[in-house]
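Per-entry structural report
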Amino acid sequence: MHFCFILEEQYARKPMPLVIADQLQQWGHEIDVLQPYAAVTSLTDLSLTKYDAYVLKTVSEGPGLTILEAAEAIGIPTINNSRAIRLVRDKAVAVAFAQACGLPVPTTYFVGHPRALAKVPHDVYPVVVKPSNGSSMQDVHLIRTPEEMQHRKFDSGSYYLAMRYVENTGFDIKLYVTGQEVHAIVKTSPLHDTVPEKEIPVSREMLKLAQRVGQVFGLDLYGVDVLETPQGLMLVDINDFPSFYGVPRKVASVAEYILSLIHI
């Protein structure tokens, strides 16, 4: 089979997703790597149609998604599909959609400018503030009181989510999913002390929630961030095509699943 891996600039020097492309190539498949930030892409000849599938590990506002959507529009399979990617890339949209589908998410407010953070209802505190277009650990802040919020400085060029903080075990759990295969990895929370990162058994509740997220969002390869709370698992983030860090056989598992999707 002939695959096109769309490589965003952010991942040019990182293992994922090129390790997946290398594995598929070792298995005898033909791989082209398209770098949309460093090349021009013809949209009007047969260049787009020569592939059996396109694979994209996205970044927020990256150019790769446009090419993925163009390929999808002319009937070529894409992993993940563009609608699913757009649903999870904007975290405000993801929370609203998850809530509408009955998934367990904390009370959350969208904030169009940092000065509006002062208007978050007082009874929601403490709150976790993070950018709505995705975030690194350094961009996530726990604000315990309205008074503390008034003294914090945030980037005026970003939109934010203010999410009610829920009591939890003090660490995140990342559920990595390839189809029906789910792995649970303990991760250090940006709001708590460092913990050893390790794989843990997948409970029935974890499995059910992870698979439900894939069903409602239409994702193939994805990660789900959850917290263990007194009320059960709470969904706090969803990522398309994550790193799969800590997952055994991650390269082979992801490559095998990509092949299975194309053969369906």
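Residues numbered from 1 in each chain as written. Predicted model: local features only at pLDDT ≥ 70, side-chain atom pairs only at ≥ 80, totals over all residues. Heavy atoms only, no water.

With 8 of 8 residues buried, strand E9 (residues 171–178) lies mostly within the body of the structure. Along E9, one buried face is formed by Phe171, Ile173, Leu175 and Val177 and the opposite face, lined by Asp172, Lys174, Tyr176 and Thr178, is buried too. Judged from the 8 bridges that link them, E9 and strand E10 (residues 181–188) form a sheet pairing that is antiparallel. Across the sheet, Lys174 pairs through a bridge with Ile185, a residue of E10. Counting the residues that bridge the hairpin from E9 to E10 gives 2 residues, and of these Gly179 lies at a positive phi of roughly 65°. Bridge count between E9 and strand E12 (residues 221–229): 6 bridges; the pairing is antiparallel. Residue pairing in the sheet places Leu175 in a bridge with Val224 of E12. (Buried < 20%, exposed > 50% of the residue type's maximum accessible area, 1.4 Å probe, protein only. Helix = DSSP H or I, 4+ residues; strand = E, 2+ residues; numbered from the N terminus. Pairing = 2+ DSSP bridges.)

Now for helix H1 (residues 18–26). Along H1, the residues classified as buried are Ile20, Ala21, Gln23 and Leu24. Projected onto a plane normal to the axis of H1, the buried residues spread over an arc of 160° and lie on a single side. Looking at the buried positions of H1, the neighbouring elements they touch are strand E1 (2–6), strand E2 (30–34) and helix H7 (250–263). Gly28 occupies a position one or two residues after H1 and carries a positive phi of about 100°. (Arc of directions from axis to C-beta. Contact = heavy atoms within 4.5 Å.)

Let's shift gears to unusual backbone geometry. In this model, Met16 is joined to Pro17 through a cis peptide bond whose omega is 15°. Along the chain, Pro17 falls in the loop between E1 and H1. Each neighbour pair has its own omega, and for Ile79 with Asn80 the value is -10°, a cis peptide bond. Positive phi outside glycine occurs at Phe244, with the angle close to 60°. Note that Phe244 resides in the loop between strand E13 (232–240) and H7. Residue Phe244 is classed as buried on the basis of its relative accessible area, which comes to 2%.

The subject of this paragraph is the pairing of strand E8 (residues 160–164). It is a general feature of regular strands that their side chains alternate between the two faces of the sheet. In terms of residue burial, E8 counts as a mostly covered element, since 4 of its 5 residues are buried. Looking at chain direction, strand E5 (residues 108–111) and E8 are connected through 4 bridges and run antiparallel. Among the inter-strand pairings, Thr108 is bridged to a residue of E8, identified as Met163. As defined by bridge partners, strand E6 (residues 127–131) adjoins E8 across 5 bridges and the pair is classed as antiparallel. Residue Val128 lies in a different strand from E8, and its bridge partner there is Met163.

This part is about the sheet that holds E13. The 5 strands lie next to each other as E11-E10-E9-E12-E13, forming an open sheet whose pairing is antiparallel. Across the chains shown, the open sheet's two edge strands, defined by having one partner strand only, are strand E11 (198–200) and E13. Neighbour-to-neighbour, the strand axes of the sheet open up by a mean angle of 30°, direction not taken into account. (Axes fitted to C-alpha atoms, helices over the stretch in contact; angles between N-to-C directions.)

On to the pattern of salt bridges, then. According to the stated counting rule, one finds 7 salt bridges in the structure shown. In this structure, Arg89 and Asp240 form a salt bridge, with 3.1 Å as the shortest nitrogen-oxygen distance. Residue Arg89 is located in helix H3 (residues 82–89), and its partner Asp240 is located in strand E13; the two are separated by 151 residues in the primary sequence. (Salt bridge = Lys/Arg side-chain N within 4 Å of Asp/Glu carboxyl O.)

Ranked by internal contacts, the top residues of the largest apolar core, which has 36 residues, are Leu103, Ile173, Leu175, Val213, Phe217, Val226 and Leu235. Take this core: its biggest share by element is 6 residues, from helix H6 (residues 204–217). Sequence-distant contacts of Phe217, defined by excluding residues within four places in its chain, comprise Ala84, Leu87, Val88, Ala94, Phe97, Ala98, Leu103 and Ile238. In terms of nonpolar packing, the next biggest core, distinct from the first, is built from 23 residues, Val55, Ile79, Tyr257 and Leu259 among them. (Core = buried A, V, L, I, M, F, W, Y, C linked by side-chain atoms within 4.5 Å.)

What follows deals with the packing of H3 against helix H4 (residues 91–100). Relative to each other, H3 and H4 sit at 100°, their axes nearing to 5 Å. With respect to each other, H3 and H4 are oriented roughly perpendicular. Seen from H3, the contacting residues are Arg83, Leu87, Val88 and Arg89; seen from H4, they are Lys91, Val93, Ala94 and Phe97. (Parallel < 35°, antiparallel > 145°, perpendicular 65-115°, else oblique.)

Moving on to the sheet that holds E5. Here we have 4 strands laid out as an open sheet, ordered E5-E8-E6-E7, and antiparallel in their pairing. This sheet does not close on itself; its edge strands, each paired only once, are E5 and strand E7 (141–143). Pairwise comparison of adjacent strand axes, ignoring direction, gives a mean angle of 25° for this sheet. Running over the sheet, H4 touches E5, E6 and E8 and is turned about 40° from E8.

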